[in-house]
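Residues per chain, in single letters:
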Amino acid sequence: MSRDPLNIVILTGAGVSAESGLATFRGPDGLWEGCRVEDVCTPEALERDPEMVHRFYDARRAALLTVEPNAAHHALARLQRAWRDEGRGEWLLVTQNVDDLHERGGAVDVLHMHGELLSALCAACGDRHRWSGPMGDDPPCPSCASRRLRPDIVFFGEMPYHMDRIQMALQHCDLFVSIGTSGAVYPAAGFVQTARHYGAQTLELNLDPSAGSIWFHASRMGPAGRLVPLWVDELLAVA
Ligand code: APR
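All of these numbers come straight from a predicted model, not from anything done at the bench.

Calculation notes
Residues numbered from 1 in each chain as written. Predicted model: local features only at pLDDT ≥ 70, side-chain atom pairs only at ≥ 80, totals over all residues. Heavy atoms only, no water. Pairing = 2+ DSSP bridges. Helix = DSSP H or I, 4+ residues; strand = E, 2+ residues; numbered from the N terminus. Axes fitted to C-alpha atoms, helices over the stretch in contact; angles between N-to-C directions. Contact = heavy atoms within 4.5 Å. Core = buried A, V, L, I, M, F, W, Y, C linked by side-chain atoms within 4.5 Å. Buried < 20%, exposed > 50% of the residue type's maximum accessible area, 1.4 Å probe, protein only. Arc of directions from axis to C-beta. Near = heavy atom within 4 Å. Polar contact = N/O pair within 3.5 Å; in protein donor to acceptor, adjacent residues only side chain to side chain. Areas by Shrake-Rupley, 256 points an atom, 1.4 Å probe, with all protein chains shown as cover. Nonpolar A, V, L, I, M, F, W, Y, C, P; charged D, E, K, R; others polar. Domains from an automatic or database assignment. Right-handed = clockwise from strand over helix to strand, strands pointing away. Disulfide = S-S within 2.5 Å. Buried area = accessible area lost by both parts, 1.4 Å probe.

Asks: Requested: an account of the sheet that holds strand 5 (residues 128-130), with residues and values cited.
Replies: Pairing is antiparallel in the open sheet, where 3 strands are placed in the order 5-4-6. With one partner strand each, in any of the chains shown, strand 5 and strand 6 (149-153) form the two edges of the open sheet. Sheet twist, expressed as the average angle between the axes of neighbouring strands with direction ignored, equals 40 degrees. Relative to strand 5, strand 4 (residues 115-122) runs antiparallel, the two being bridged by 3 bridges. Bridging across to strand 5, S119 finds its partner in R130. Sheet strands in contact with helix 5 (residues 50-63) are strand 4 and strand 6, and its direction is about 60 degrees off that of strand 6.

Now the structure itself:
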């Protein structure tokens, strides 16, 4: 029985990695409770105090070695495999997260719209390099040898990555699902409105109501590690 294709866009935030042990940004013990965005996540901060910025991201990059993907990451990869192998429709996984847990959970072609901890960007030549170690000791760029490597993270005030591809997918999707994000930061927080404007069904899976909950046709509250596998099983059974 051939099914109509179902084009899916999924957006994840820090909540999808919380049960793996990575801190979220807002809420109890959030990263932004421990330090100010202005001190570690703006171009001005990098200019003013590069050591502090590198210390912040070197610590988060090192923490990646101590955590594992959780059931939500694995379930999303399982859904992606079904969609790709069975041609069940277009698939796009966009994450605001800079960790690599979606990939380690089996997902491929993940769009990291806020960049990646495991990538270094050379401010001199613009080249990017996979990077798992510290940057605080000003290592030379493998391409141009300048000592101007920075975390390949989209700082506040900078343009998120992959926006053209994301906007196109939002305009053509039938289902938009937001997982583990507070809806506090644009442009990601506006994706649900774009998807809904173009006719998509919208679903939110989150521990708590988010700033954008009103825009979703359906919202389910609970931990991603429990909600996402249940939702994936449900979708694979019916779609
Ligand atoms: N399961 C599901 N959701 C969870 C869980 C969990 N186990 N734990 C927390 N959450 C939810 C919280 O309820 C909250 O709504 O995840 C969300 C995390 O919100 P934030 O900490 O604001 O993280 P996020 O939405 O990803 O932040 C967006 O802000 O500071 C910038 O660049 C940073 O990418 C980040 C962006």
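From this point on, the discussion continues.
Asks: Could you give me a rundown of the nonpolar core, with the residues and numbers involved?
Replies: Nonpolar side chains in soluble globular proteins generally cluster together in the buried interior. Among the nonpolar cores identified, the biggest contains 25 residues, and I10, L79, V177, I179, L205, V228 and W231 are the most heavily contacted of them. Broken down by secondary-structure element, the contributors of at least two residues to this core are strand 1 (8-12), helix 6 (71-85), strand 2 (91-95), strand 7 (175-179), strand 8 (201-206) and helix 10 (224-238). The contact partners of L205, leaving out residues within four places of it in the chain, are V177, S178, I179, G180, R220, L227, V228 and W231.

Asks: Quick rundown of helix 8 (residues 163-172)? Include the residues and the values.
Replies: An α-helix turns once per 3.6 residues; consequently, residues spaced three or four apart project the same way. Those residues of helix 8 that sit buried are M163, I166, A169 and L170. One face of helix 8 carries all of its buried residues, which in axial projection span an arc of 130 degrees. Summarising the contacts, the buried residues of helix 8 are in contact with strand 1, strand 2, strand 3 (111-112), strand 7 and helix 9 (191-197).

Asks: Describe in detail the side chain of N206, supporting the description with residues and values.
Replies: With respect to the helices and strands, N206 occurs in strand 8. Sequence-distant contacts of N206, defined by excluding residues within four places in its chain, comprise I179, G180, T181, R220, M221, G222 and L227.

Asks: I'd like to hear about the site of the ligand, residue by residue, with values.
Replies: Around the ligand, the surrounding shell holds 22 residues, and the nearest of these are F25, R26, T181, S182 and D208. S182 is positioned such that a nitrogen or oxygen atom in its side chain is 2.7 Å from an oxygen atom of the ligand. N206 has a polar side-chain atom sitting 2.9 Å from an oxygen atom of the ligand. Coverage of the ligand by the protein chains reaches 92% of its 730 Å² of free accessible surface. Counted by class, the shell around the ligand contains 9 nonpolar, 10 polar and 3 charged residues. When residues are assigned to domains, the shell around the ligand turns out to be shared by domain 1 (8-21 + 69-114 + 160-238) and domain 2 (23-66 + 115-153), each giving three or more.

Asks: I'd like a rundown of the pairing of strand 8, residues and numbers included.
Replies: Most of strand 8 sits out of view: 5 of its 6 residues are buried. As a crossover connection, the stretch from strand 7 through helix 9 into strand 8 is right-handed. When strand 8 meets strand 9 (residues 218-221), the two strands line up parallel, connected through 4 bridges. Note that in strand 9 the partner of E204 across the bridge is S219.

Asks: Got a sec to walk through the state of the cysteines? Specific residues and values, please.
Replies: In total, this model carries 0 disulfides according to the counting rule given. Take C35: it sits in no disulfide, and the sulfur closest to it among the cysteines is that of C41, at 8.9 Å.

Asks: Let's hear about the domain arrangement of the chain: which residues, and what values?
Replies: Examined at the domain level, the chain breaks down into domain 1 (8-21 + 69-114 + 160-238) and domain 2 (23-66 + 115-153). Here the C-alpha centroids of domain 1 and domain 2 sit 25 Å apart. Listed per partner, the contact involves 17 residues of domain 1 and 14 residues of domain 2. The contact between domain 1 and domain 2 buries some 1100 Å² in all, and 55% of this surface belongs to carbon and sulfur atoms. Joining domain 1 to domain 2, the criterion identifies 5 residue pairs in polar contact (both at pLDDT 80 or more). Listed by contribution, the elements that provide at least two residues to the side of domain 1 that touches domain 2 are helix 1 (15-18) and helix 7 (101-104). Per-class residue counts for the side of domain 1 that touches domain 2 are 7 nonpolar, 6 polar and 4 charged.

Asks: Tell me about the sheet that holds strand 8, and please be specific about residues and values.
Replies: Overall, parallel pairing links the 6 strands, which are arranged 3-2-1-7-8-9 in an open sheet. Looking at which strands have only one partner, the edges of the open sheet turn out to be strand 3 and strand 9. Relative to strand 7, strand 1 runs parallel, the two sharing 5 bridges. Paired with I10 across the strands is V177, a residue of strand 7. Contacting strand 1, strand 2, strand 3 and strand 7, helix 8 crosses the sheet at an angle of about 130 degrees to strand 2.

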